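So you can see what is in the structure, the chains are spelled out below.
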Amino acid sequence: PGRRLTGFQTTGDLHLGNLLGAIRPILADQHRAETRVFLADLHALTVEHDPARLRARTVQQATILLAAGLDPVRTALFVQSQVPEHTELHYLLECATGYGEAHRMIQFKEKSAAQQQVRLSLLTYPVLMTADILLHDTDEVPVGEDQSQHLELTRAVATRFNAHYGPTFVVPRAVHPTVATRVMSLADPTAKMSKSGPTPAGTIFLLDPPDVVRRKISRAVTDSGSDVVYDPQHRPGVANLLEILAACTGGQPTALAGDFPSYGRLKAAVADAVVETLHPIQLRYAELTADPDGVRQVLADGAARVRPPAAATVHRARTAIGLLT
Ligand code: ATP
Ligand code: MG
């Protein structure tokens, strides 16, 4: 496989969806594929934010990724803003992207409709994402459905830039990780579990203590009916619980469904499985927080490692577009 890139927005705390849908696939492949992982703090500035919390959360997310088993020797881990080439390339790519192209992005429409004050950077967000991807000569981008339109934009911009100014960027392709799961909100099983979504009660955060995990799962919205069957279309709430259980225990949702006579018993089993999955991560997290300088050093090393090749990409782009170099 080629080089992969995954980013985590520092908009909120990492959750079970991030673990099962993104972190686990990275860990599963980190010894055979080259992956770069970054904390997207510049993307977090596109919506209302609190400066002190943003800074703290950036370190916290890095610590959780390390606690979950990310090997920083194999996988470069860095903070987006600590690699200023991201913003430099962003500007160059803004000059190769149409206003209409950015304006028609569904995520922009959705997020801007939900806000009073829309930051200009929310409009150009997909261009920064394009810069993130192209900067690192990325071959493969694992994307969920919510990001596939942005990846199409990335491919269009890269292809156009190469055609206009000569071969400059690797044109990336989307990949759908084999072991990934799309975890849905416990409060609304038709919406995905998310950091910054409207229903925090529907999100299991990776640092939630066991009693909180159990409470959230026991209150999870299920469907009418009482027998446990795996039917994502008609019983999305129960299907989500079965998928979480399957991802945590290694079973298959359809087979697991037969093990439970009631919703109550299923929820208890899911709670046990999630608590057990989070336990080792939380233990290691507690150890790592005793040495915050160590985590910051990992991030500094990661940035130092990726900056020279990133600078080479920017240099190619500057030259191609006609800047004096
Ligand atoms: P935000 O609400 O701020 O967009 P998020 O929860 O969607 O936050 P991201 O930082 O956008 O998280 O995504 C980080 C990674 O986690 C991405 O690879 C994304 O595809 C994956 N991911 C996010 N939510 C889920 C989910 N519910 N199920 C599976 N994977 C997810
Ligand atoms: Mg997201």
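Above: the structure in question.
Reading guide: rules and limits
Residues numbered from 1 in each chain as written. Chains lettered and ligands numbered in written order. Predicted model: local features only at pLDDT ≥ 70, side-chain atom pairs only at ≥ 80, totals over all residues. Helix = DSSP H or I, 4+ residues; strand = E, 2+ residues; numbered from the N terminus. Buried ≥ 20, exposed ≤ 12 C-beta atoms within 10 Å, placed from the backbone. Contact = placed C-beta atoms within 7 Å. Near = placed C-beta within 6 Å. Nonpolar A, V, L, I, M, F, W, Y, C, P; charged D, E, K, R; others polar. Right-handed = clockwise from strand over helix to strand, strands pointing away. Axes fitted to C-alpha atoms, helices over the stretch in contact; angles between N-to-C directions. Parallel < 35°, antiparallel > 145°, perpendicular 65-115°, else oblique. Left-handed = near helix turned anticlockwise from the far one by under 90°. Core = buried A, V, L, I, M, F, W, Y, C linked by C-beta atoms within 7 Å. Domains from an automatic or database assignment.

Novice: A description of the overall build of the protein should follow, citing residues and the corresponding values.
Specialist: Within the protein one finds 13 helices and five strands. Taking all 325 residues of the protein together, the buried fraction comes to 42%. Considering only contacts in the protein between residues 6 or more positions apart, those separated by 24 or more positions represent 74%.

Novice: Describe the site of ligand 1, naming the residues involved and giving the relevant values.
Specialist: In the vicinity of ligand 1, 20 residues are found, and the nearest of them are G17, G21, A22, G144 and S194. Those elements that provide at least two residues to the shell around ligand 1 are β1 (4-9) and α1 (16-29). Broken down by element, the residue count for the shell around ligand 1 peaks at five residues, all from α1. Residues of the shell around ligand 1, tallied by class, amount to six nonpolar, eleven polar and three charged.

Novice: Give a detailed account of the pairing of β1, specifying residues and quantitative values.
Specialist: The buried fraction of β1 amounts to six of the six residues, a majority that puts the element mostly inside the structure. Alternating residues of β1 divide into R4, T6 and F8 and L5, G7 and Q9, and every residue in both groups is buried. This β-α-β element, β1 to α1 to strand β2 (residues 35-40), shows right-handed connectivity.

Novice: Explain the packing of helix α10 (residues 236-249) against helix α12 (residues 263-289) to me, and be specific about the residues and the numbers.
Specialist: Between α10 and α12, the least distance of the axes is 9 Å, while the angle of their chain directions is 40°. Taken together, the axes of α10 and α12 are oblique relative to one another. Of the two elements, α10 crosses α12, and the hand of that crossing is left-handed. Along its contact with α10, which presents V238, L241, I244, L245, C248 and T249, the element α12 presents Y263, L266, K267, A269, V270, A273, V274 and T277.

Novice: Could you give an account of the nonpolar core, with specific residues and numbers?
Specialist: Of all hydrophobic cores here, the largest spans 84 residues; its most connected members are F78, L245, V270 and V274. Per-domain counts for this core show at least three residues from each of domain 1 (4-181 + 291-321) and domain 2 (208-287). Sequence-distant contacts of L245, that is, excluding residues within four places in its chain, are made with G251, L256, A269, V270 and A273.

Novice: Could you give an account of unusual backbone geometry, with specific residues and numbers?
Specialist: Phi is positive for D137, close to 45°, though the residue is something other than glycine. Position of D137 among the secondary structure elements: in the loop between α7 (120-135) and β4 (140-142). Residue class for D137 comes out partly exposed when judged on the 18 C-beta atoms lying within 10 Å of it.

Novice: Can you break down the environment of V83 residue by residue, with the values?
Specialist: Tracing the chain through its elements places V83 in the loop between β3 (76-79) and α4 (85-94). In this structure V83 comes out as buried when scored by C-beta crowding, with 23 C-beta atoms within 10 Å. Separated by 221 residues in sequence, V83 and A304 have C-alpha atoms that sit 8.2 Å apart. Leave out the neighbours within four places in its chain, and V83 touches F78, A303, V306, R307 and A310.

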